[in-house]
Amino acid sequence: MQFGIFTVGDVTTDPTTGRTPDDTERVRAMLTIARHADEAGLDVFATGEHHNPPFVPSSPTTMLGYLTGVTKNIVLSTSTTLITTNDPVRLAEEYAMLQVISDGRMDLMMGRGNTGPVYPWFGQDIRNGIPLAIENYALLRRLWTEEVVDWEGKFRTPLQGFTSTPRPLDGVPPFVWHGSIRSPEIAEQAAYYGDGFFHNNIFWPMSHTRQMVQFYRQRWEHHGHGPADTAIVGLGGQVFMRKDSQKAWDEFRPYFDNAPVYGHGPSMEDFTRETPLTVGSPQQVIDRYAAMREHVGDYQRQLFLMDHAGLPLKTVLEQIDLLAGEVVPVLRKEMEAARPAHVPANPPSHAERVAAARAAGTEGAAHVGGTEDRWTGRTAEDDQEPAQAGAAFGL
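Residues numbered from 1 in each chain as written. Predicted model: local features only at pLDDT ≥ 70, side-chain atom pairs only at ≥ 80, totals over all residues. Heavy atoms only, no water.

Engineer: I'd like a rundown of the overall build of the chain, residues and numbers included.
Structural biologist: Across its full length, the chain carries 14 helices and 13 strands. For the chain, whose C-alpha radius of gyration is 20 Å, the value lies close to the compact-globule estimate of 21 Å for 395 residues. Counting only C-alpha atoms and orienting by the principal axes, one finds that the chain spans roughly 60 × 45 × 40 Å. In the chain, which comprises 395 residues, the share counted as buried stands at 55%. Long-range contacts, defined here as pairs at least 24 residues apart, represent 73% of the contacts in the chain between residues at least 6 apart. Per element, the accessible surface of the chain, about 16,300 Å² overall, is 52% carbon and sulfur. Each charge class in the chain was averaged separately, 34 positive and 50 negative side chains, and the resulting centres sit 2 Å apart. (Helix = DSSP H or I, 4+ residues; strand = E, 2+ residues; numbered from the N terminus. Rg over C-alpha atoms; globule rule 2.2 N^0.38 Å. Buried < 20%, exposed > 50% of the residue type's maximum accessible area, 1.4 Å probe, protein only. Contact = heavy atoms within 4.5 Å. Areas by Shrake-Rupley, 256 points an atom, 1.4 Å probe, with all protein chains shown as cover. Lys, Arg positive; Asp, Glu negative; His and termini not counted. Charge placed at Lys NZ, Arg CZ, Asp CG, Glu CD.)

Encoded structure:
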């Protein structure tokens, strides 16, 4: 199982000092955090994409491209890449370039984002969020899997004889996650294509997370990708740890109470009870997150939000050391001991995807991961079943 961290890149005042980092300091802190996570032995570093203050990660591929040269082992990813307001042509080229530069040590997560004004800033209408996600991703896949693309859709100008460059590494596109917290249509999209589904449940109770993941698993099996328990699932989370749990509560409380993302809402006691936020000792974090599989089944990736709410860089690095040194080894052992042999331990690596393509004789072929469902002959854009299936799950 993969364990790592993700950042939203917020610029937040430290409530204990009154100091606010500027954008440059925050970006450089994110780079330091990623390098430290690699050195500590974590599996994944992922950055969000935002185009509005107080967030700074507006160009994920720039950041991740730099990190490919200063890290050694960690998988570089996103959390998320905006499939709705980015041009699929640019996404195809930028992430294929990142794939080549990193020698396949990357994947990416597609999402719609949670900032309404970003849509008109990029010439789109938020009311088209779901249709944009569906159409743009269908085009993105074609750009990666077909060398010459003729295409016409609703939301961008047509393409005639277009070839996206560079071509994906070894003729195999990057592995894609679809991130969503509330939309069954996105879970359906992930299941339809046999992609990963990431439920970033940091603000949601486990009852909701369970529903969304179960729906994705059921649809994965429906679309012929294998048994439901083999679907590729990732979860979000957030923790704050100290050796002494009371010290953790005392230290984190002012950050929780004052951060825009948390503060002035539910109390920290209520929030930690209702969501995955865990404040306490490393053992308490182990106990809480080892139980996640009881709700969603065996899953493949767990990411933690750790550099947020104005926490100082020194504190974040200490949190990474506790996570990598005391929590992850125990969680990994417990998770793998209970995992059935047929359930993937990790999301597929680039090497595994290349080997699978070679075995199927589809490496670099135009129909690798094609847009039609091999069982029904339908495309995701045509399929009206997701809404009906989602309603059956109460979604």
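Engineer: For unusual backbone geometry, give the residues involved together with the corresponding values.
Structural biologist: The peptide bond linking P53 to P54 adopts the cis configuration, its omega dihedral lying at 10°. The linkage connecting S79 with the following residue, T80, adopts the cis geometry, with an omega of 20°. Along the chain, T80 falls in the loop between β3 (75-78) and β4 (81-82). Located in the positive-phi region is D170, a residue other than glycine, with phi close to 60°. One non-glycine residue, A309, lies in the positive phi region at around 65°. Within the secondary structure, A309 sits in the loop between β13 (301-305) and α12 (313-338).

Engineer: Quick one: what's the story with the packing of helix α5 (residues 129-145) against helix α6 (residues 184-193), residue by residue and with numbers?
Structural biologist: Where α5 meets α6, the axes come as close as 10 Å, and the angle between the chain directions of the two elements is 20°. Put simply, α5 runs roughly parallel to α6. Of the two possible hands of crossing, α5 and α6 adopt the one that is right-handed. Contacts between α5 and α6 involve I130, A133, I134, Y137, A138 and R141 on the former and, on the latter, E185, I186, Q189 and Y193. Class assignment for the residues of the contact of α5 with α6 results in seven nonpolar, one polar and two charged. (Axes fitted to C-alpha atoms, helices over the stretch in contact; angles between N-to-C directions. Parallel < 35°, antiparallel > 145°, perpendicular 65-115°, else oblique. Left-handed = near helix turned anticlockwise from the far one by under 90°. Nonpolar A, V, L, I, M, F, W, Y, C, P; charged D, E, K, R; others polar.)

Engineer: So what's going on with the packing of aromatic side chains? Residues and values would help.
Structural biologist: Counted under the stated rule, the structure contains 14 aromatic pairs. Each ring, one from Y192 and one from Y193, has its centre 5.0 Å from the other, and the planes form 85°; the classification is edge-to-face. For the residue pair Y192 and Y193, the accessibility class agrees, reading buried in each case. Ring plane angle 65° and centroid distance 4.9 Å describe the contact between Y289 and F304, whose orientation is recorded as edge-to-face. Remark: F304 occurs in strand β13 and Y289 occurs in helix α10 (residues 282-290); sequence separation between them is 15 residues. (Phe/Tyr/Trp six-rings, centres within 6.5 Å; stacked < 30°, edge-to-face > 60°.)

Engineer: With reference to specific residues and values, describe helix α7 (residues 206-222).
Structural biologist: With 17 residues, α7 ought to run about 24 Å at 1.5 Å a step, and its terminal C-alpha atoms sit 24 Å apart, in line with that. Looking one or two places after α7, you find G224, whose phi comes out positive at around 85°. (Expected span 1.5 Å × (residues − 1).)

Engineer: Requested: an account of the nonpolar core, with residues and values cited.
Structural biologist: I5, L42, F45, Y216, F252 and L323 are the most contacted members of the largest nonpolar core, which totals 103 residues. If you tally residues by element for this core, the top one is α12, at 10 residues. Every residue in contact with L42, bar those within four places of it in the chain, is listed here: F3, G4, I5, A37, I74, I320, L323, A324 and V328. The next biggest cluster of nonpolar side chains, apart from the first, holds five residues, and it includes V118, Y119, L132 and F155. (Core = buried A, V, L, I, M, F, W, Y, C linked by side-chain atoms within 4.5 Å.)

Engineer: Give me the side chain of H36: which residues, what numbers.
Structural biologist: Examined against the element boundaries, H36 turns out to sit in helix α1 (residues 23-40). Not counting chain neighbours up to four residues away, the residues in contact with H36 comprise L317, I320 and D321.

Engineer: Please give an account of the pairing of strand β8 (residues 176-179) that cites residues and values.
Structural biologist: Of the two faces of β8, the one lined by V176 and H178 and the one lined by W177 and G179 are each fully buried. In the sheet, strand β5 (residues 108-111) pairs with β8 via three bridges, with the strands oriented parallel. Across the sheet, residue M110 finds its bridge partner in β8, namely H178. The parallel pair β8 and strand β9 (residues 196-199), bridged by α6, forms a crossover whose chirality is right-handed. (Pairing = 2+ DSSP bridges. Right-handed = clockwise from strand over helix to strand, strands pointing away.)

Engineer: I'd like a rundown of the packing of α10 against α12, residues and numbers included.
Structural biologist: Their axes nearest at 10 Å, the elements α10 and α12 cross at an angle of 35°. Viewed along their axes, α10 and α12 form a crossing whose handedness is right-handed. Between α10 and α12, the contacting residues are P282, V285, I286, Y289 and A290 on the first element and L322, E326, V327, V330, L331, E334 and M335 on the second. Of the residues contributing to the contact of α10 with α12, the split by class is 10 nonpolar, no polar and two charged.

Engineer: Which residues make up the side chain of Q302, and what values do they have?
Structural biologist: Counting through the fold element by element, Q302 comes out in strand β13. In this structure the side chain of Q302 is engaged in a polar contact, spanning 3.2 Å, whose partner is the backbone oxygen of G236. When near neighbours in sequence (up to four residues on either side) are disregarded, Q302 contacts M1, Q2, F3, G4, L235, G236, G237 and Y289. (Polar contact = N/O pair within 3.5 Å; in protein donor to acceptor, adjacent residues only side chain to side chain.)

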